[in-house]
Amino acid sequence: MNSDLQRLAERLLNQGAGSLPERDQKVLNRIAKRAHISRDLEQEFSAQLTFGERLSDRVAEIDGSWGFIIGLGAFLVVWAIFNSIILATNAFDPYPYIFLNLLLSMIAAIQAPVIMMSQNRQAEKGRLAVSHDYEVNLKAEIEIMALHEKLVD
């Protein structure tokens, strides 16, 4: 790190560059090298996903849609009509629809952990975005302070 940057860190951040957290030092190093700090987090994050992670995100996306809710509601109505009216005497799942209950319970048991995996990944993506935003904001603030210093001097 050059001496101007060291002096800038001491004057503007009120502490020596060596006592700064690692991520702040990274920002100062990028300022010294005049390197961009912003990057496409979505692309970086998506490039690291495994097939299972992409699948769980897709399942969560479908399960959380109105299309899925309407389709499931329609299926339940058709199931009830089919087993209660059409096959009234020979229904394979008569009221109270125990087999349907079993199917729905098994689907829910599979969906819940898949959706939670997707939510955990979205939370991790959010933490990365917050960290990146901090770095960008810190660099912008330091650059503005440096410009202010040049104008005052």
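The residue count restarts for each chain, going from 1 along the sequence in the order it is written. Local features in this predicted model are restricted to residues of pLDDT 70 or higher, and side-chain atom pairs are both shown and tallied only at a pLDDT of 80 or more, whereas totals for entire chains, interfaces and linings draw on every residue. In computing side-chain values, all of the structure's heavy atoms are included and hydrogens and water are not.

K.L.:
Is there a simple way to explain the overall build of the protein in this structure?
P.N.:
Broken down by element type, the protein carries 6 helices and 0 strands. The helix and strand sequence of the protein, counted from the amino end, reads α-α-α-α-α-α. Residue contacts are counted whenever heavy atoms from the two residues lie within 4.5 Å of one another. Across the protein, contacts joining residues at least 24 apart in sequence account for 66% of those joining residues at least 6 apart. For the protein, the exposed surface amounts to about 10,800 Å²; the carbon and sulfur share of it is 63%. Secondary structure is summarised from DSSP: a helix means a run of H or I of at least four residues, a strand means a run of E of at least two, and numbering begins at the N terminus for each. Here, Shrake-Rupley sampling with a 1.4 Å probe gives the accessible areas, and only protein chains in the shown set may cover a residue.

K.L.:
I tried to follow the side chain of Asn-83 on my own but got confused; where do I start?
P.N.:
The topology assignment puts Asn-83 in helix 5 (residues 66-86). Looking at Asn-83, its side chain comes within polar contact range of the main-chain nitrogen of Asp-93, at 3.2 Å. If we ignore the near neighbours within four places in the chain, the residues touching Asn-83 are Ala-88, Ala-91, Phe-92, Asp-93 and Tyr-97. Polar contacts, as counted here, are pairs of nitrogen or oxygen atoms within 3.5 Å of one another; within protein the pair requires one atom able to donate a hydrogen and one able to accept it, and residues that are adjacent in sequence qualify only if both atoms are side-chain atoms.

K.L.:
Looking at this model, I keep getting lost on the confidence of the model for the protein. Mind explaining?
P.N.:
Per-residue confidence for the protein averages 85 on the pLDDT scale, and 88% of its residues sit at or above 70. The quantity known as pLDDT measures the predictor's confidence residue by residue, on a range of 0 to 100. Model confidence for the protein, summarised as mean pLDDT per element, is weakest for helix 1 (residues 3-12) at 64 and strongest for helix 5 at 94.

K.L.:
Got a minute to help me understand the packing of aromatic side chains in this structure?
P.N.:
Ring pairs (aromatic) are described by centroid distance and by the angle formed between their planes. The rule is short: rings of Phe, Tyr and Trp, with Trp giving its six-membered ring, pair when the centres are within 6.5 Å, and they are stacked under 30 degrees, edge-to-face over 60, tilted in between. Applying the stated criterion across every chain, the model contains 5 aromatic pairs. Judged by centre distance (5.4 Å) and plane angle (80°), the ring pair of Trp-79 and Phe-92 falls under edge-to-face. Of this pair, Trp-79 sits in helix 5 while Phe-92 is found in the loop between helix 5 and helix 6 (98-152), placing the two residues 13 residues apart along the sequence. Members of the aromatic cluster, each reached through a chain of ring pairs, are Phe-75, Trp-79, Phe-82, Phe-92 and Phe-99.

K.L.:
Help me out: how do you make sense of the packing of helix 2 (residues 22-33) against helix 6 in this one?
P.N.:
When two helices pack together, you describe them by how their axes are tilted relative to each other and by the distance separating the axes. The interhelical angle for the contact between helix 2 and helix 6, taken along N-to-C directions, is 50°, at an axis separation of 10 Å. As the angle between them shows, helix 2 and helix 6 are arranged oblique. Pair helix 2 / helix 6 crosses with right-handed handedness. From helix 2, Arg-23, Asp-24, Lys-26, Val-27, Leu-28 and Ile-31 reach across to helix 6, where they touch Ser-131, Tyr-134, Glu-135, Leu-138, Lys-139, Ile-142 and Glu-143. Grouping the constituent residues of the contact of helix 2 with helix 6 by class yields 6 nonpolar, 1 polar and 6 charged. What counts as an axis is a line fitted to C-alpha atoms, over the stretch in contact for a helix, and the angles between N-to-C directions run from 0 to 180 degrees. Throughout, the term roughly parallel applies to angles under 35 degrees, roughly antiparallel to angles over 145, roughly perpendicular to angles from 65 to 115, and oblique to all others. Take the far helix as your reference; a near helix turned counterclockwise from it by less than a right angle gives a left-handed crossing, and one turned clockwise gives a right-handed crossing. In this classification, the charged set is Asp, Glu, Lys and Arg, the nonpolar set is Ala, Val, Leu, Ile, Met, Phe, Trp, Tyr, Cys and Pro, and all remaining amino acids, among them Gly, are polar.

K.L.:
Sorry, what's going on with the pattern of salt bridges here?
P.N.:
Pairs can form between side chains of opposite charge once their charged atoms are near each other. By convention in these notes, a salt bridge is any Lys or Arg side-chain nitrogen within 4 Å of a carboxyl oxygen on Asp or Glu. Applying the stated criterion across every chain, the model contains 6 salt bridges. With a closest N to O distance of 3.9 Å, Arg-39 and Glu-135 form a salt bridge. With Arg-39 in the loop between helix 2 and helix 3 (41-47) and Glu-135 in helix 6, this residue pair connects regions lying 96 residues apart in the sequence. Throughout this description, buried means an accessible area under 20% of the type-specific maximum (1.4 Å probe, protein chains only), exposed means over 50%, and partly exposed covers the range between. Owing to a relative accessible area of 4%, Glu-135 belongs among the buried residues under this scheme. Notably, a salt bridge pairs Lys-125 with Glu-42, separated by 3.0 Å at the nearest N-O pair. Of the two residues, Lys-125 is situated in helix 6 and Glu-42 in helix 3; the sequence distance between them amounts to 83 residues. By relative accessible area, Glu-42 is classed as partly exposed at 41%. If you follow the salt bridges from partner to partner, you end up with Arg-39, Glu-44 and Glu-135 in one network.

K.L.:
Could you clarify how one ought to interpret the side chain of Asp-57 in this entry?
P.N.:
Residue position: Asp-57 is located in helix 4 (residues 51-63). For Asp-57, a relative accessible area of 18% gives the class buried. Here the side chain of Asp-57 touches Ser-118 through a polar contact of 2.8 Å, side chain to side chain. Once residues lying within four places of it in the same chain are set aside, the contact partners of Asp-57 are Leu-49, Ser-118, Arg-121 and Gln-122.

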